[in-house]
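Residues per chain, in single letters:
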Amino acid sequence: MISVTCQDCGHVDKQSSRFCPSCGNKLVNESEESTDVFEVVGSVPHEYDRAQFPENCGLFVIESGSKAGARYGLEDEVVTIGRHSEVGIFLDDITVSRQHAQVERTNDQYLVRDAGSLNGTYVNRERIDSAQLQDGDEVQIGRFRFVFFHGIGN
């Protein structure tokens, strides 16, 4: 059994908990896979977002959820979204299925498909099995709300 020391309060946990039983902060075990931590940013004009990615490339900007402000370029033919560690867009929240959804790129068109998730995938507040994405569409996966932008016309 591995013991982990809380970086905030110094409590030594021998139970391999994910959170410190003393102060409640997340415990990090060096042998575990770690996830990115994103700083929440204020409102940034979406013209800035488009300038950061290639022309004709789709882009997701997370508007709400623990990763608010994060930006993901949709450059691959298929981008998977979920809670599994090997997906393209990792969303660490219990409201997200391990393989929740995928975005397929065909030329300059983007299609989002639900991958049989429990909570569903929503585009513009309507539950979908699949939907063609248009510039400005809102995609909701669990507690995360994305806005889709298309890089045409940079």
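Residues numbered from 1 in each chain as written. Predicted model: local features only at pLDDT ≥ 70, side-chain atom pairs only at ≥ 80, totals over all residues. Heavy atoms only, no water.

1. Let's talk about the overall build of the protein chain
Point 1. Helix and strand counts for the protein chain stand at one helix and 13 strands.
Point 2. Along the protein chain, helices and strands appear, N-terminal first, in the series β-β-α-β-β-β-β-β-β-β-β-β-β-β.
Point 3. Looking at the protein chain residue by residue over its 154 residues, the buried ones come to 37%.
Point 4. Within the protein chain, contacts between residues at least 6 apart in sequence are counted, and of these 35% link residues at least 24 apart.
Point 5. Looking at the protein chain as shown, the accessible area adds up to about 9,300 Å², and 44% of this sits on carbon and sulfur atoms. (Helix = DSSP H or I, 4+ residues; strand = E, 2+ residues; numbered from the N terminus. Buried < 20%, exposed > 50% of the residue type's maximum accessible area, 1.4 Å probe, protein only. Contact = heavy atoms within 4.5 Å. Areas by Shrake-Rupley, 256 points an atom, 1.4 Å probe, with all protein chains shown as cover.)

2. Focus on the sheet that holds strand S5 (residues 78–82)
Point 1. With mixed pairing, the five strands of this open sheet are ordered in space as S6-S5-S7-S8-S11. Edge strands, defined here as strands with exactly one partner in the open sheet, are strand S6 (89–90) and strand S11 (130–132).
Point 2. With two bridges connecting them, S5 and S6 associate as parallel partners. The residue bridging isoleucine 81 from the neighbouring strand is isoleucine 89, located in S6. (Pairing = 2+ DSSP bridges.)

3. Details of the environment of glycine 82
Point 1. Looking at where glycine 82 falls in the secondary structure, it is placed in strand S5.
Point 2. Given a relative accessible area of 0%, glycine 82 falls into the buried group.
Point 3. C-alpha of glycine 82 to C-alpha of glutamine 102: the two residues are 20 residues apart in sequence and 8.6 Å apart in space.

4. Looking at the nonpolar core
Point 1. Ranked by size, the top nonpolar core spans 23 residues in total, and within it Phe60, Ile89, Leu91, Leu133 and Phe146 carry the most contacts.
Point 2. When contributions to this core are tallied by element, the ones reaching two or more residues are strand S3 (58–64), strand S4 (71–74), S5, strand S7 (101–106), strand S8 (109–114), strand S12 (138–141) and strand S13 (144–150).
Point 3. At three residues, S13 tops the list of elements feeding residues into this core.
Point 4. The residues touching phenylalanine 60, leaving out its near neighbours within four places in the chain, are Ala70, Arg71, Tyr72, Leu74, Ile81, Ile89, Val103, Leu133, Val139, Phe146, Val147 and Phe148. (Core = buried A, V, L, I, M, F, W, Y, C linked by side-chain atoms within 4.5 Å.)

5. Topic: the pairing of S13
Point 1. Counting buried positions along S13 yields six of seven residues, so the element is predominantly enclosed.
Point 2. Alignment of S3 against S13, held across six bridges, turns out to be antiparallel. Within the sheet, the bridge partner assigned to isoleucine 62 lies in S13 and is phenylalanine 146.
Point 3. The sheet contact formed by S12 and S13 spans four bridges and is antiparallel.

Any functional reading would require information beyond the geometric quantities listed.
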